[in-house]
Amino acid sequence: MNIENFQESMYQLIVETSTNLPKDVRRAIKAAAERENAGTRAAMSLDTITNNIKMAEDKVSPICQDTGLPTFKIKTPVGANQIEMKQAIYHAIAQATKDGKLRPNSVDSLTGENSGDNLGGGIPVIKFAQWEKDYLDIRLILKGGGCENKNIQYSLPAELEGLGRAGRDLDGIRKCILHSVYQAQGQGCSAGFIGVGIGGDRSSGYDLAKEQLFRTVDDVNPHPELHNLEEYIMENANKLGIGTMGFGGETTLLGCKIGVMNRIPASFYVSVAYNCWAYRRLGVAVNPETGEIQEWMYQDGEKIDFAQPAATEIAAAVETPAEQNVITLTAPITEEQIRELKVGDVVQINGMMYTGRDAIHKYLSDHDAPVDLNGQIIYHCGPVMLKDKEGNWHVKAAGPTTSIREEPYQGDIMKKFGIRAVIGKGGMGKKTLAALQEHGGVYLNAIGGAAQYYADCIKSVEGVDLMNFGIPEAMWHLQVQGFTAVVTMDAHGNSLHEDVEKSSFEKLTQFADRVYK
Ligand SMILES: O=C(O)C[C@H](O)C(=O)O
Ligand code: SF4
């Protein structure tokens, strides 16, 4: 094999997967956008998402800042040298990271140290299998952490909240899958795609679930019963009303693929792999002699460009100032200003904000802040950053991360430092809501995955602290312009997330009755 060519082919696969959503995924997102009524929060969010997809493609920059855990699945003709292929993939991953196409995402689980090049400690995951064909089939998925955290595995029989007993039969499986969509709420950047694995053990069940994510969104399950179940789930999960980002709406699920394998008598697992709308998976057929790409996969059918009128029409409807109450915020923000905001308000931020995610929240709970945070805004974000030759930092991708992980710290930190607003996605819990009310704070929801859209709002990087935590976890000082987000938790005890969770739970209970005999 010509290994230089192979490395270049892998580089292309990585960059394309990170920056250009496949055609089948685009079609599913377009269909979702068409189902929402213009002017709703769901339509506005989908508009941001489709704009972001277009921007990422045009700039050849990451669709979402979270590279996830890059996973390659490779089928090789008998005799192919797996060792040299692995090395070439490692080089291609390191190069793509250096070029700002991937975020350095490989973190030592014990020390917390970021390797900086996406390598080390078992990362990336590369799985080989042999087959009888004469070419290499190489697929890559970049599945982010927020949606990965919403994967769930059921062991049947089980008692499911809202649905009652799920037994060891097709109807029990049906209940598990509906429940999996409900429990994800908006935290995995809905609308999402699910892969379901029935049977196996705890690890092979999840493998089977993830394998389903390599199917094409519009394929037809050859197994008639599973085909029927997939259709049932698509129709009914979308009645839960969780909607884009958990803001409520018509589309909660964009795809459902179910696979089955045998189990052993004592075990009955249903494993669900949840993937966000930023469903970055591609594949290539590679010539085993030349190392060159012969064909790209998932590229059949119509390509939705998202520069088309559908998206811009919605934008026009949403951006009509008369219809929307848009409030401009610039830090330092006063308590009075914050107490005027209420759930549903759209805010536009100009001026400074500071990133802070997992490591920073833990750090701030028992240290002083490196900067004065009084009246300031914290952005739950781990960006992709590149340093130029002059030593200046540039933001390459910067969408929000899942906020609920900061729940144990958030309220206390806001009070301790006088922080007035936090931006993230997926919402936060009761402890934070109480703190917002007591202290005078708001939670602002940004659109998860819209990393190019928000990177564009960041006009300069003014500084950085705590770089020892690594690029995604450091505290970046960002100057922004027109950074738009929605108030989803206010200082009056209101939470849109709580409301959507309650209403979707009521809807879930309507599916408790047996459907499959
Ligand atoms: O790590 C991130 O930047 C985001 C993560 O994928 C998340 O959804 O929380
Ligand atoms: S931020 Fe959202 S879109 Fe990005 S990887 Fe996480 S779950 Fe997916």
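Residues numbered from 1 in each chain as written. Chains lettered and ligands numbered in written order. Predicted model: local features only at pLDDT ≥ 70, side-chain atom pairs only at ≥ 80, totals over all residues. Heavy atoms only, no water.

Draft legend 1. Fine view of the site of ligand 2. Around ligand 2, the structure places 14 residues, and the nearest of them are Cys-64, Gly-144, Cys-189, Cys-276 and Arg-280. When the residues that make up the shell around ligand 2 are grouped by side-chain class, the tally is six nonpolar, five polar and three charged. (Near = heavy atom within 4 Å. Nonpolar A, V, L, I, M, F, W, Y, C, P; charged D, E, K, R; others polar.)

Draft legend 2. A look at the domain arrangement of the protein chain. The domain boundaries assigned to the protein chain delineate domain 1 (1–144 + 282–306), domain 2 (145–277) and domain 3 (325–501). Its C-alpha centre places domain 1 at a distance of 23 Å from the equivalent point of domain 2. The partner domain 2 presents 25 residues to the 26 residues of domain 1 that form the contact. If you look at where domain 1 meets domain 2, you find four salt bridges. Residue Lys-73 is joined to Glu-211 by a salt bridge in which the shortest nitrogen-to-oxygen separation is 2.5 Å. Where domain 1 packs against domain 2, one counts 13 residue pairs in polar contact (both at pLDDT 80 or more). Those elements giving two or more residues to the side of domain 1 that touches domain 2 turn out to be helix H2 (23–35), helix H3 (41–59) and strand E3 (136–142). (Domains from an automatic or database assignment. Contact = heavy atoms within 4.5 Å. Salt bridge = Lys/Arg side-chain N within 4 Å of Asp/Glu carboxyl O. Polar contact = N/O pair within 3.5 Å; in protein donor to acceptor, adjacent residues only side chain to side chain. Helix = DSSP H or I, 4+ residues; strand = E, 2+ residues; numbered from the N terminus.)

Draft legend 3. The arrangement of the site of ligand 1 in detail. Surveying the vicinity of ligand 1 reveals the residues Gln-65, Asp-66, Arg-103, Gly-145, Gly-146, Arg-357, Thr-401, Thr-402, Arg-405 and Lys-425. Within the contact set of ligand 1, an oxygen atom lies 3.0 Å away from a side-chain nitrogen or oxygen of Arg-357. Between ligand 1 and Thr-402 there is a distance of 2.4 Å, counted from an oxygen atom to a side-chain nitrogen or oxygen. Burial of ligand 1 by the protein chains amounts to 93% of its free accessible area of 270 Å². (Areas by Shrake-Rupley, 256 points an atom, 1.4 Å probe, with all protein chains shown as cover.)

Draft legend 4. Structural context of the sheet that holds strand E4 (residues 152–155). The strand order across the open sheet formed by four strands is E4-E9-E7-E8, and the pairing between neighbours is mixed. Strands with a single pairing partner mark the edges of an open sheet, and in this sheet they are E4 and strand E8 (253–260). Averaged over all neighbouring strand pairs, the angle between strand axes comes to 15°, with direction disregarded. Where strand E7 (residues 192–198) lies against strand E9 (residues 269–275), six bridges are found, and the strand directions are antiparallel. Along E9, the bridge assignment pairs Ile-194 with Tyr-274. (Pairing = 2+ DSSP bridges. Axes fitted to C-alpha atoms, helices over the stretch in contact; angles between N-to-C directions.)

Draft legend 5. Up close: the environment of Gln-65. Here Gln-65 is to be found in the loop between H3 and strand E1 (71–77). Residue classification places Gln-65 among the buried positions, given a relative accessible area of 3%. Residues Gln-65 and Pro-400 lie 335 residues apart in sequence; the distance between their C-alpha atoms is 8.6 Å. If sequence neighbours within four positions are ignored, Gln-65 has contacts with Arg-103, Gly-382, Pro-383, Val-384, Ala-397, Ala-398, Gly-399, Pro-400 and Ala-451. There is a polar contact of 3.5 Å between the side chain of Gln-65 and the backbone oxygen of Pro-400. (Buried < 20%, exposed > 50% of the residue type's maximum accessible area, 1.4 Å probe, protein only.)

Draft legend 6. Main features of the packing of aromatic side chains. Per the counting criterion, the structure on display carries nine aromatic pairs. Seen in terms of ring centroids, Trp-131 and Tyr-135 are 5.1 Å apart; in terms of plane orientation they differ by 75°. Their pairing is edge-to-face. Through pairs of rings, three or more aromatic residues link up here, namely Tyr-379, Tyr-453, Tyr-454 and Phe-483. A cation sits over an aromatic face here: Arg-281 above Tyr-279, 4.5 Å from the ring centre. Against the face of Tyr-298 rests Arg-281, its NZ or CZ located 3.8 Å from the ring centre. (Phe/Tyr/Trp six-rings, centres within 6.5 Å; stacked < 30°, edge-to-face > 60°. Lys NZ or Arg CZ within 6 Å of the ring centre and 35° of its normal.)

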